[in-house]
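# Topology and contacts: notes
One letter stands for each residue in the lines below.
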Amino acid sequence: MTTQGFVVSHAAGAKFERGLRSFYEYRDLGIKKATAGRVDAHVIRAAAGKEFSSQPHIHKTAFQLVYVLKGWIEFEYEGQGRIRLEAGSCVHQPPEIRHREVGHSEDVEMLEVVLPAGFETEEVNSVDA
């Protein structure tokens, strides 16, 4: 039996920091360090007072899941159109699917799990291939 990589993260006293998108704040759940970068998991929430802007893009991932904890967010996906996710909604974003965020509520909060942790994001011309 091993305890290597065991991690616990509590909401009480958790720190949110700026990250990939300026209009969001990210709470690291410690999974990236615990898995030596194989997996990342974080809570994302809207950053108060920041202007929203989103260009079509892809993520070079092996796996990406978004689960909405609070509020709502709307995406446009290649081949799927607009999808609105509300609290309790979950989406698996296949590797390199073209997408863009259309908008979100001021109180949106999401759990994101992604492999690998150090994935790249690349802007594309449109959501349509």
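Residues numbered from 1 in each chain as written. Predicted model: local features only at pLDDT ≥ 70, side-chain atom pairs only at ≥ 80, totals over all residues. Heavy atoms only, no water.

## Overview of the nonpolar core
Operational definition: To form a nonpolar core, buried Ala, Val, Leu, Ile, Met, Phe, Trp, Tyr and Cys residues must be joined to one another through side-chain atoms within 4.5 Å. Note on exposure labels: buried denotes an accessible area under 20% of the residue type's maximum, exposed denotes more than 50%, and partly exposed covers the range between, all computed with a 1.4 Å probe on protein chains only. Runs of H or I in DSSP of at least four residues are treated as helices and runs of E of at least two as strands, each being numbered from the N terminus. The criterion used for residue contact is that any of the two residues' heavy atoms lie within 4.5 Å.
Judged by nonpolar contacts, the single largest core of 15 residues is most densely connected at Tyr24, Ile73, Leu85, Val108 and Met110. Listed by contribution, the elements that provide at least two residues to this core are β2 (24-28), β3 (40-46), β5 (63-70) and β6 (72-77). Met110 has contacts with Tyr24, His42, Val43, Ile44, Val66, Tyr67, Val68, Leu69 and Ile73, leaving out every residue within four places of it along the chain.

## Let's talk about unusual backbone geometry
Omega for the peptide link from Leu115 to Pro116 comes to -10°, which places this bond in the cis form. With respect to the helices, strands and loops of the structure, Pro116 is situated in the loop between β10 (109-115) and β11 (120-123). Even without glycine at this site, Ala36 takes up a positive phi of about 55°. Within the element layout of this structure, Ala36 appears in the loop between α1 (31-34) and β3. The exposure class assigned to Ala36 is exposed, which follows from its relative accessible area of 68%. Backbone geometry places Glu96, a non-glycine residue, at a positive phi of 60°. Note that Glu96 resides in the loop between β8 (90-92) and β9 (99-104).

## Notes on the packing of aromatic side chains
For the record, the criterion: Within 6.5 Å between ring centres, the rings of Phe, Tyr and Trp (the latter by its six-membered ring) count as paired, and their orientation is classed by plane angle as stacked under 30 degrees, edge-to-face over 60, tilted in between. The rule is short: NZ of Lys or CZ of Arg within 6 Å of the ring centre and within 35 degrees of the ring normal puts a charge over the ring.
For the structure shown, the criterion picks out 2 aromatic pairs. Seen from their ring centres, Phe23 and Tyr24 are 4.9 Å apart, and the 55° between their planes marks the pair as tilted. Take Phe23 and Tyr24: they sit in the same class, and that class is buried. Here the aromatic rings of Phe75 and Tyr77 are separated by 5.4 Å at their centres, their planes lie at 40°, and the arrangement is tilted. Across this residue pair, the class does not change: Phe75 and Tyr77 are buried. Directly above the aromatic system of Phe16 lies the positively charged group of Arg45, at a separation of 3.6 Å from the ring centroid. For the cation-ring pair, Arg84 lies above Trp72, with the distance from its terminal atom to the ring centre recorded as 3.9 Å.

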